[in-house]
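# A look at the structure
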2 protein chains.
Amino acid sequence: MGKTPPGRTRERVFRFVRQRLLSGQPPTVREVQAQFGFLSTQTAREHLERLVRDGRLRKEPGQARGYRLPGSEFGGGGRSGRGPPLKGPPLKMVPILGQVQAGVPITAVEDLEGYVPIEDSSTSSGELFGLRVRGESMRDAGILPGDLAIVRQQSTARSGEIVVALLGDEATVKTFVRARVKTHRGARIELHPAHPDFAVIVPDPDSEDFHLLGRVIEIRRRL
Amino acid sequence: MGKTPPGRTRERVFRFVRQRLLSGQPPTVREVQAQFGFLSTQTAREHLERLVRDGRLRKEPGQARGYRLPGSEFGGGGRSGRGPPLKGPPLKMVPILGQVQAGVPITAVEDLEGYVPIEDSSTSSGELFGLRVRGESMRDAGILPGDLAIVRQQSTARSGEIVVALLGDEATVKTFVRARVKTHRGARIELHPAHPDFAVIVPDPDSEDFHLLGRVIEIRRRL
DNA sequence: TCTCATACCGTACAAATGTCTGGCATGGGT
DNA sequence: ACCCATGCCAGACATTTGTACGGTATGAGA
């Protein structure tokens, strides 16, 4: 193997490693070596280490297939042993629920559409689930029918947050508002649509027909 | 470690391995061992091998971190046939680009914000990347400033598709339209905003200042 | 010329990791 | 009782893989 222009080969090495990492199969040093026909593992290693020094790759020293992409911190499972320092993966598979019912733990719901991957670095303990948006009532907030709402289960919310509430047996996405009302002791709850044709809903917080399912933390739309 | 109900532990092992694979980090036998507190690597191995025999996992014998999800070569996907209905979507980590330039291969861009996980079952060969949306010009299509657009690199598009185009050195998200014009031979290209205050853009397809970067396949908004 | 950096090769060694052989205990069935 | 499958442990061995130390050759500058 002769020499190649400076940086030329390294660029190709990066692409190769990157492709492998993106598809879930971290390469070994020797796989990189073979891919480019290097006659020495050291050559591959030098390229890799250089990419790490340049911040284009990250690595877990000593681990087999230890090269990673920078940016998102993947990691091993929740650590319990003393082994290498690995972090918990912020990546989760979130179930998309076909229908929601009050009081039914989402983990027990069988009627699900599938799973979507989501990065969840938050430490909040609420379970996550996905819900398909129906209706135009949040149109002006950029939430359209068919969108997938990622919801964190919680029974309270702050004013202005977009939430999923269960009214009767219907799940609905609205902006949660605590309105100060002088006539009452305390505040009252309102569910605001984001569309001129829809009216504000004022549920009775104590009613059996009203349940706050959680807060919408992300909207996804497939085109 | 005492005994546990039949299959109980194996189910947990499977979930652990699956989670790791989905996040791009195949576990070692010993990592599984540590995760569940087994005192022997063999115990972990037996669970893993059993999962392979049951078709729930696949493996590359002899390779370090050689366990895979069945179906596809990568993160998972496809069906495996037997066993519980567990499909693993083909999962990739997609780079979020801070800025885009014409002619620069996305793999060479260093200025990236991070990576997001995305399911890509399509067989299209175009590379994927993420781009932060700026401006209000697509507001009425439910695409707001700060949204993350997932883009598949391609140099052509069909009329009506939402695309990312490079005008000069500015990347912009618009609806791609092929307008039939009688005066010309062939059609002309238009980039339509989705906001009354913005005007249709009619780029010169042959200009150096116009490049079609790709098609928007998904919109994500963090709330 | 001399240094220095880049690009590559050769050959090891040691750690990480996959694999194997043998054993123990429990429970279900015959 | 016997057989057999399951769940687990113990201790090794062999391969894969990361890492280290040293070498050759070329080109850019000082």
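Note that the coordinates shown come from a computational prediction; the quantities given were computed from them, not determined experimentally.

Rules used in this analysis
- Residues numbered from 1 in each chain as written.
- Chains lettered and ligands numbered in written order.
- Predicted model: local features only at pLDDT ≥ 70, side-chain atom pairs only at ≥ 80, totals over all residues.
- Heavy atoms only, no water.
- Phe/Tyr/Trp six-rings, centres within 6.5 Å; stacked < 30°, edge-to-face > 60°.
- Helix = DSSP H or I, 4+ residues; strand = E, 2+ residues; numbered from the N terminus.
- Buried < 20%, exposed > 50% of the residue type's maximum accessible area, 1.4 Å probe, protein only.
- Lys NZ or Arg CZ within 6 Å of the ring centre and 35° of its normal.
- Near = heavy atom within 4 Å.
- Polar contact = N/O pair within 3.5 Å; in protein donor to acceptor, adjacent residues only side chain to side chain.
- Nonpolar A, V, L, I, M, F, W, Y, C, P; charged D, E, K, R; others polar.
- pLDDT = per-residue confidence, 0-100.
- Contact = heavy atoms within 4.5 Å.
- Salt bridge = Lys/Arg side-chain N within 4 Å of Asp/Glu carboxyl O.

## Describing the packing of aromatic side chains
Residues and elements named next belong to chain A. Summed over the entire model, instances satisfying the criterion amount to 4 aromatic pairs over all chains. Both rings, one in Phe 16 and one in Phe 36, keep their centres 5.9 Å apart while their planes meet at 90°; by these two values the pair is edge-to-face. With Phe 16 in helix H1 (residues 8–22) and Phe 36 in helix H2 (residues 29–36), this residue pair connects regions lying 20 residues apart in the sequence. In terms of burial, Phe 16 and Phe 36 fall into one category: buried. With a centroid separation of 6.0 Å and 25° between ring planes, the pair formed by Phe 36 and Phe 38 is classed as stacked. Across the pair, Phe 38 and Phe 36 agree in class, each one buried. The rings of Phe 16, Phe 36 and Phe 38 are connected pair by pair, giving a single aromatic cluster. Taking the ring centre of Phe 14 as reference, the NZ or CZ of Arg 56 above it sits at 4.1 Å.

## Section: the protein's contact with DNA strand C
Around DNA strand C, the structure places 34 residues, and the nearest of them are Pro 6, Gly 7 and His 47 of chain A together with Lys 59 and Arg 65 of chain B. When atoms of DNA strand C within 4 Å of the protein are sorted by moiety, sugar and phosphate together comprise 59%. A distance of 2.9 Å separates a phosphate oxygen of DNA strand C from a polar side-chain atom of Arg 10 of chain A. Take Lys 59 of chain B: an N or O atom from its side chain is 2.7 Å from a phosphate oxygen of DNA strand C. For the surface near DNA strand C, the elements supplying multiple residues, two or more each, are H1 and helix H3 (41–53) of chain A together with helix H2 (29–36) and helix H3 (41–53) of chain B. Of the residues forming the surface near DNA strand C, the biggest block, 6 residues, is contributed by H3 of chain A. Of the residues belonging to the surface near DNA strand C, the class tally is 9 nonpolar, 15 polar and 10 charged.

## Structural notes on the confidence of the model for chain A
Residues and elements named next belong to chain A. With 78% of its residues at a pLDDT of 70 or more, chain A has an overall mean of 79. The low-confidence segment residues 72–89, where pLDDT is below 50, has 43 contacts with residues more than four positions distant or belonging to other chains. For residues 102–111, every residue scores under 50 in pLDDT, and the model assigns this stretch 15 contacts once sequence neighbours within four places are set aside.

## Side note on the pattern of salt bridges
Going through the model one piece at a time under the given rule, you end up with 32 salt bridges over all chains. Note that Lys 59 of chain B is salt-bridged to Glu 49 of chain B, the shortest N-O span being 2.7 Å. Pair noted here: Lys 59 of chain B is in strand S1 (residues 58–59) and Glu 49 of chain B is in helix H3, with a separation of 10 residues, a long-range link. Overall, the relative accessible area of 23% leaves Lys 59 of chain B in the partly exposed class. Within the structure, one salt-bridge network assembled from shared partners comprises Arg 20, Glu 31 and Arg 65 of chain A.

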